[in-house]
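Spelled out, the chains give:
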Amino acid sequence: MNETATNGFDFSVPSATTIAPSIDGLFYTLVALSAFATIAIVAALVYFCVKYRAGSSADRSDAHGARLNIEDIWIAVPLVLFLIVFVWSAVLYARIFTPPPNTTDIFIVGKQWMWKVQHGSGRQEINEVHVPMGVPVRLVMTSQDVIHAFFVPAFRLKQDVLPGRYTALWFQATKAGVYPLSCTEYCGTDHSRMGGTVVVMPQEDYERWAAQKPPAVEEKPHS
Amino acid sequence: MSERSFLNDGVTLRSWLITRDHKRIAILFSIAITAFFFVGGLAATWIRIELATPKGDVVSADTYNKLFTIHGIVMVWFFLIPSIPTTLGNFLLPIMIGARDLAFPRLNLASFYIYILGGIFTLITVIAGGVDTGWTFYTPYSTMFSNSYVLLAAAGVFIVGFSSIFTGLNFIVTVHTMRAPGMKWFRMPLFVWAMYSTSIVMVLATPVLAMVLALIAIERIAGIGIFDPALGGDPILFQHLFWFYSHPAVYIMVLPAMGVVSEIITCFARKKIFGYKFMVYAIAAIGVIGFMVWGHHMFVSGQSMYSGLVFSLLSFLVAVPSAIKVFNWTATLYKGSISFEAPMIYALGFVGLFLIGGLTGLFLAAAAVDVHLTQTYFVVAHFHYIMVGGAVMAYLGGIHYWWPKITGRLYHERSAQLSAALMFCGFNLTFFPQFLLGYLGMPRRYHEYADRFQMLNVLSSAGAVILALAYVAPLVYLTWSLFRGERAPANPWHAKGLEWTVSSPPPTHNFAHPPTVPDEPYSYSPESR
Amino acid sequence: MNTATERLHEQFDTSRQQLKASKLGMWTFLATEVLLFGALFCVYSFYRFQYPQGYALGSKHTDVVLGTIETIILLTSSLTMALAIRAIRLAQRRTSIALLLTTAAFGVSFLAIHATEYVHEWHEHLFPGHTFDATLRAVSGTEMFFTLYYVMTGLHALHVTIGLTVLLVLVELTRRNRFSPTYFTPVELGGLYWHLVDIVWIFLFPLFYLVSRT
Ligand code: HEA
Ligand code: HEA
Ligand code: CUA
Ligand SMILES: [Cu+2]
């Protein structure tokens, strides 16, 4: 990876599409909910373990006594929470699956172990995908051999790329920059090397870039 | 040794190898399963060594791919799926319901030898050069592209599937027909319920796996298209069939663990399990709904959006009964009289780690979040939390809890408590960083990775060292106890349940007089400690 | 008079319990068989939905006359199997042996007819792979149809063969006077298995022989 200075201690992942903040919103809500549930349950466990440890003098009268139907509560509460999360995630999932009209289409072919890219203008590239910023882009993808998957963490998006049919992935990039891209569906020997970069550039730059004949030696656009 | 027990009723090797006593078969299984655990663990060790640095400098890419594949195959099919059912289940199920043996003792022995045969195929696969498809055997890679020993490996898994089916069938019939007088359905210990439910899932899901593997073999051998799109097939169909088995399989792995934990917690809290009936319903609900959520492994596979949404919803629903169980275990402690012998530490460890594993399962069930997290280390962390943190902890907890019963010896309590605690810490250090790695975007099944992930990977590898020590420790002190351990009384924990009414170790036919069961299980009371 | 009774295995208390266990065991086993074929039926339906033309075309090339004969044979064999059990109940040992043998004979003729079908199809280049008929291959799904045809009928034929072995063992046991009107569990269980094999065929027949004709 050439794009970021790394010291092995970088705990952030950029967020560069319109959908990314929404996914993060749900993700962090789940983190909060889970943290709350974990802390609450672990606290209860520890509290009981201490208070009711063998030999403690805590009151144990009526230990098996009748009490209100507490199970109903702890079926209902998680169920309601789960349903809320489900609906929230369903809305986002539907957004991921429904591209707006008039997308800029880019064609991508995966094969062991590289990504071949063809732009509408006819310009081609390998293991690098230039995309315009601020407009909806749709990647139309297929594979020549086994299943691969196109994953850009900064976009919070991923899609399997299958042989014998097309799958699509749409996004609208929001931040110019160079982002790592990886193949995440296991595809054989060099699966872990089947990566590359996605270069997000302002739309005019993209159009100029796409219209250019590729220079003999591709120079790396630096951000 | 004065008393007659199943252990000294015939001491030749032959008397062990052709035994039909469920207790002896349980011991045969536990030896084989432990061996496979260390085979899988050795592969894991190698994986973690490789991943300590970003570059692929220890093994080649192909070797790495074979390592995680064999790790997955061995750990899932040769360790975790058979672990609790064939050892603790085999040993305890008949005794817990007051029977002299399983309904079909010969089938039980056959199940063991089928397991061994499947295991031999798997070992031959490794010796011949390995298999590199991942434990999921995704097509068309597995059928048309892999140059490794896919057929041998698939044959091993195919064969061991019949061992599962036979064990499951045996348990189902035994529970239905061999209960002692008075052992009504709602008087059965939760461990028996868990085994029963697991058995049903095994019997119904495993044939599908067998068929899928057979179809893979046909496509690979004959080059006839079934799943390969180049030949008119559809790889997504393979995924549906595979997960139709493999999702229920994850409940095959966790239901028995839940059963064990229920037994342990109620015993060491000296309290009746909270909400017995709800626990039973939860077990059943997990078994049933578990069959309807397989598509949550395929949110980005290219299946339709609508199937994705349905599977997402069902995945949230299947989590509700698990939640009930967690709450009920916690509530069982309330007003108990709790002591912390090793089995209890394992059981409490299970609850905590299962909780985290389960909650992160919800992240993955939320389809939109899964789009980002799938195929990354987040998933790896999720399932290790449940399977290693959860199910393996529970298995070891059960082994400790019933060790005196099975072997007639007591182990060194302090060592056991320490290694349980060590395991808990080592486990979290190994796998918690993987959640972060996943969110940051490190894909799974990667031989090499970007430098920015190194720190967390080093933590994970360091944790794995501690974890390895914590797994070797029981092997040492438990073996030691076999020879030097104090003799165990019939009921060292003052526990309830039929298995504690017979001597330790139990006599060959379990009960001198057929027992009768007058009342509900778990008649513990906190005052009586 | 035949007084053969069952040996009570030591893990059971009563022979009623033992009988119940054997029956439940058999039913559970049959459930696994249903799931085994069920997986294939899913594959079948999945592709049929995807390739209706290919399936229709493929089905035209299977031999519906032979298929019908095979169906009749198997249905009749189920009847003779049921009658064999009845005969044992009525203590008619010889009749029972004769009926079991008839059942087996039906099974053998089923396999024989099916084998001629296979041979015939081989000559007509209906076997998937590089020998497959090129004009048929042009319609997508036809080859898949035949793949599933061979896999599913082949697996079924394997089950018939296993059933035949069971029948022969039962004949031998009956000959040795192992059963009586009060004890004939193995025959009953063998019968269940045979009926399952029969029922599977009842599903296979329309799926492979009657696609375009419905
Ligand atoms: C024993 C094994 C086991 C178990 C029990 C589970 C349990 C669950 N799993 Fe997991 N899973 C695996 C093993 C297991 N899983 C494996 C091996 C894989 C990866 C396979 C591969 O690709 O190689 C996987 C992958 C996996 C995926 C696919 C990920 C991907 O590849 O993209 C998903 C997605 O939905 C998922 C979801 C769940 C859910 C919702 C549960 C639920 O059953 C969990 C329910 C439990 C709880 C939720 C905890 C208790 C809850 C509470 C106490 C509630 C209180 C909280 C609140 C009120 C907020 N799992
Ligand atoms: C029950 C199931 C189970 C269990 C118990 C484990 C246990 C462990 N697993 Fe694994 N794991 C899986 C099931 C399991 N795993 C599955 C299904 C996959 C997916 C495979 C795939 O992608 O196809 C996977 C994948 C997987 C990966 C991801 C690989 C990748 O995607 O590239 C990693 C990485 O860290 C890992 C690590 C570990 C570790 C450190 C342990 C530890 O808990 C193991 C600890 C045990 C030991 C360390 C043994 C102790 C003994 C010794 C070390 C002695 C050494 C030997 C001698 C001295 C001779 N596992
Ligand atoms: Cu391509 Cu992994
Ligand atoms: Cu699942």
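For the structure itself, look to the data block above.
Residues numbered from 1 in each chain as written. Chains lettered and ligands numbered in written order. Predicted model: local features only at pLDDT ≥ 70, side-chain atom pairs only at ≥ 80, totals over all residues. Heavy atoms only, no water.

1. Thoughts on the overall build of chain C
For chain C, the count of helices and strands is seven helices and zero strands. In chain C, the order of α-helices and β-strands from amino to carboxyl end is α-α-α-α-α-α-α. Its C-alpha atoms put chain C at 65 × 30 × 30 Å along the principal axes. The proportion of buried residues among the 214 residues of chain C is 50%. Side chains of chain C give 15 positive and 14 negative charges; the mean places of these two sets differ by 11 Å. (Helix = DSSP H or I, 4+ residues; strand = E, 2+ residues; numbered from the N terminus. Buried < 20%, exposed > 50% of the residue type's maximum accessible area, 1.4 Å probe, protein only. Lys, Arg positive; Asp, Glu negative; His and termini not counted. Charge placed at Lys NZ, Arg CZ, Asp CG, Glu CD.)

2. A word on the state of the cysteines
Disulfides are covalent bonds that connect the sulfur atoms of two cysteines. In this structure the tally under the stated criterion is zero disulfides over all chains. Unpaired in this structure, Cys425 of chain B has its nearest cysteine sulfur neighbour in Cys49 of chain A, at a distance of 16 Å. (Disulfide = S-S within 2.5 Å.)

3. Some thoughts on the coordination of the iron atom of ligand 1
Residues and elements named next belong to chain B. Just one protein ligand coordinates the iron atom of ligand 1, and it is His382 (NE2) at 2.2 Å. In this structure, the iron atom of ligand 1 is positioned 4.5 Å from the copper ion (ligand 4). For His382, the location among the structural elements is in helix 13 (residues 377-407). (Donors = N, O, S within 2.8 Å, 3.2 Å for Na, K, Ca; no water.)

4. Brief notes about the arrangement of the chains
Looking at the two pairs of chains with contacts, the pair that accumulates the most is chains A and B. No part of chain A reaches chain C; the closest C-alpha pair between them is 13 Å apart. (Contact = heavy atoms within 4.5 Å.)

5. Points about the interface of chain B and chain C
Listed by partner, the interface residues are 32 residues for chain B and 29 residues for chain C. Summing the contributions of chain B and of chain C, the shared interface buries around 2600 Å²; its carbon and sulfur component is 74%. For the interface between chain B and chain C, the tally reads one salt bridge. A salt bridge links Asp13 of chain C to Arg100 of chain B; the nearest nitrogen and oxygen atoms lie 2.9 Å apart. Counting residues per element, the ones that place at least two in the side of chain B that touches chain C are helix 4 (105-128), helix 6 (150-177), helix 7 (190-222) and helix 8 (235-268) of chain B. Examining the composition of the side of chain B that touches chain C, we find that eight residues originate from one element, helix 7 of chain B, more than from any other. (Buried area = accessible area lost by both parts, 1.4 Å probe. Salt bridge = Lys/Arg side-chain N within 4 Å of Asp/Glu carboxyl O.)

6. Structural notes on helix 2 (residues 22-50) of chain B
A rise of 1.5 Å per residue sets the reference length of helix 2 of chain B, with its 29 residues, at 42 Å; its end C-alpha atoms lie 42 Å apart and thus fit the reference within 8%. With a side-chain oxygen lying 2.8 Å from the backbone nitrogen of Lys23 of chain B, the N-terminal cap of helix 2 of chain B falls on Asp21 of chain B. (Expected span 1.5 Å × (residues − 1). Polar contact = N/O pair within 3.5 Å; in protein donor to acceptor, adjacent residues only side chain to side chain.)

7. Some remarks on the site of ligand 1
Lining the immediate surroundings of ligand 1 are 35 residues, of which Tyr251, Asp370, Thr374, His382 and Arg444 of chain B lie closest. Around ligand 1 the close residues trace back to chains A and B. A distance of 2.8 Å separates an oxygen atom of ligand 1 from a polar atom in the side chain of Trp135 of chain B. Between ligand 1 and Asp370 of chain B, the relevant distance is 2.6 Å, taken from an oxygen atom to a side-chain nitrogen or oxygen of the residue. At the level of secondary structure, the elements contributing two or more residues to the shell around ligand 1 comprise helix 1 (19-51) and helix 2 (70-97) of chain A together with helix 8, helix 10 (305-333), helix 11 (342-365) and helix 13 of chain B. Residue contributions to the shell around ligand 1 peak at eight residues, all from helix 11 of chain B. (Near = heavy atom within 4 Å.)

8. What about the packing of helix 3 (residues 64-89) of chain C against helix 7 (residues 185-209) of chain C?
All names here are of chain C. Close contact between helix 3 and helix 7 brings their axes to 10 Å; oriented N to C, the two are set at 165 degrees. Regarding the angle of helix 3 to helix 7, the classification is roughly antiparallel. In this structure, helix 3 crosses over helix 7, and the sense of that crossing is left-handed. Between helix 3, through Val64, Gly67, Thr68, Glu70, Thr71, Leu74, Leu75, Ser77, Ser78, Met81, Ile85 and Ile88, and helix 7, the contact on the second element is made entirely by Val187, Glu188, Gly190, Gly191, Trp194, His195, Asp198, Trp201, Ile202, Phe205 and Tyr209. The residue makeup of the contact of helix 3 with helix 7, split by class, is twelve nonpolar, eight polar and three charged. (Axes fitted to C-alpha atoms, helices over the stretch in contact; angles between N-to-C directions. Parallel < 35°, antiparallel > 145°, perpendicular 65-115°, else oblique. Left-handed = near helix turned anticlockwise from the far one by under 90°. Nonpolar A, V, L, I, M, F, W, Y, C, P; charged D, E, K, R; others polar.)

9. Remarks on helix 8 of chain B
Residues and elements named next belong to chain B. A rise of 1.5 Å per residue sets the reference length of helix 8, with its 34 residues, at 50 Å; its end C-alpha atoms lie 50 Å apart and thus fit the reference within 8%. The largest bend along helix 8 measures about 30 degrees and falls at Trp243. Most of helix 8 sits out of view: 32 of its 34 residues are buried. Capping of helix 8 at its N-terminal end is provided by Asp234; its side-chain oxygen lies 2.8 Å from the backbone amide nitrogen of Ile236. Directly beyond the C-terminal end of helix 8, a positive phi value near 55 degrees is found at Arg270. (Bend = angle between axes of the 7 residues up to and from the residue.)

10. Remarks on the coordination of the copper ion (ligand 4)
Residue and element names in this part refer to chain B. Listed as protein donors to the copper ion (ligand 4) are His247 (ND1), His296 (NE2) and His297 (NE2); their distances from the metal cover 1.8 to 2.1 Å. Positions of the donor residues of the copper ion (ligand 4) along the chain correspond to the pattern H-x48-H-H. For His297, a relative accessible area of 30% corresponds to the partly exposed category.

11. Observations concerning the sheet that holds strand 1 (residues 104-111) of chain A
Residues and elements named next belong to chain A. The mixed open sheet is built from five strands, whose spatial order is 3-2-1-5-8. The open sheet has two edge strands, strand 3 (124-126) and strand 8 (167-172), and neither has a second partner. Looking at each pair of strands side by side, their axes are set apart by 25 degrees on average, direction ignored. Pairing geometry for strand 1 and strand 2 (residues 114-119), over six bridges, is antiparallel. Within strand 2, the residue paired with Ile108 across the bridge is Val117. (Pairing = 2+ DSSP bridges.)

12. What about the packing of helix 8 of chain B against helix 9 (residues 276-289) of chain B?
Residues and elements named next belong to chain B. At their nearest, the axes of helix 8 and helix 9 sit 11 Å apart, and the two run at 170 degrees to each other. Judged by the angle between their axes, helix 8 and helix 9 are roughly antiparallel. Every residue of helix 9 that contacts helix 8 at Tyr251, Leu255, Met258 and Ser262 is listed here: Met279, Ile283 and Ile286. Residues belonging to the contact of helix 8 with helix 9 are distributed by class as follows: six nonpolar, one polar and no charged.

13. Quick look at the nonpolar core
One finds Phe150 of chain A together with Trp77 of chain B to be the most contacted residues of the largest nonpolar core, which totals 316 residues. A per-element tally of this core places helix 8 of chain B first, with 21 residues. (Core = buried A, V, L, I, M, F, W, Y, C linked by side-chain atoms within 4.5 Å.)

14. Some details on the sheet that holds strand 10 (residues 195-201) of chain A
Residue and element names in this part refer to chain A. Spatial ordering of the open sheet is given by 4-10-9-6-7, a layout of five strands whose pairing is mixed. The sheet is open, and its two edges are formed by strand 4 (128-132) and strand 7 (157-161), each paired on a single side. With direction set aside, neighbouring strand axes in the sheet form an average angle of 25 degrees. Pairing of strand 6 (residues 148-152) with strand 7 involves five bridges; the strand directions are antiparallel. Residue pairing for strand 7: Val152 is matched across the bridge by Leu157.

15. What about the interface of chain B and chain A?
Contacts between the two partners involve 90 residues from chain B, matched on the other side by 82 residues from chain A. Between chain B and chain A the total buried area reaches about 7300 Å² when both faces are included, carbon and sulfur atoms providing 70% of it. The three residues of chain B that bury the most area against chain A are Lys335, Tyr439 and Arg452 of chain B, which together make up 10% of that side's buried surface. Between the two partners, chain B and chain A, sit two salt bridges. Measuring nitrogen to oxygen at the nearest pair gives 3.7 Å for the salt bridge that ties Arg165 of chain A to Asp234 of chain B. Across the contact surface, chain B and chain A share 23 residue pairs in polar contact (both at pLDDT 80 or more). Broken down by secondary-structure element, the contributors of at least two residues to the side of chain B that touches chain A are helix 3 (61-96), helix 5 (141-145), helix 8, helix 10, helix 11, helix 12 (367-373), helix 14 (413-440) and helix 15 (454-484) of chain B. Examining the composition of the side of chain B that touches chain A, we find that 17 residues originate from one element, helix 10 of chain B, more than from any other. Of the residues assigned to the side of chain B that touches chain A, the class counts are 52 nonpolar, 24 polar and 14 charged.

16. Here's the deal with the environment of Glu188 of chain C
All names here are of chain C. Here Glu188 lies in helix 7. The sequence separation of Glu188 and Glu33 amounts to 155 residues, and the corresponding C-alpha distance is 18 Å. With residues up to four places along the chain from it excluded, the contact list for Glu188 reads Lys23 and Ile85. For Glu188, the side chain forms a polar contact with the side chain of Lys23, separated by 3.4 Å.

17. Observations concerning unusual backbone geometry
Omega for the bond connecting Gln112 of chain A with Trp113 of chain A falls within 30 degrees of zero, at -5 degrees, which places this linkage in the cis form. Assignment of secondary structure puts Trp113 of chain A in the loop between strand 1 and strand 2. For the bond from Thr139 of chain B to Pro140 of chain B, the omega torsion is 0 degrees, close enough to zero to count as cis. Turning to its location among the elements, Pro140 of chain B is positioned in the loop between helix 4 and helix 5. Backbone geometry places Arg270 of chain B, a non-glycine residue, at a positive phi of 55 degrees. Position of Arg270 of chain B relative to the elements: it lies in the loop between helix 8 and helix 9. Positive phi, normally seen in glycine, also occurs at Asn177 of chain C, with a value near 65 degrees. Of note, Asn177 of chain C is situated in the loop between helix 6 (142-175) and helix 7.

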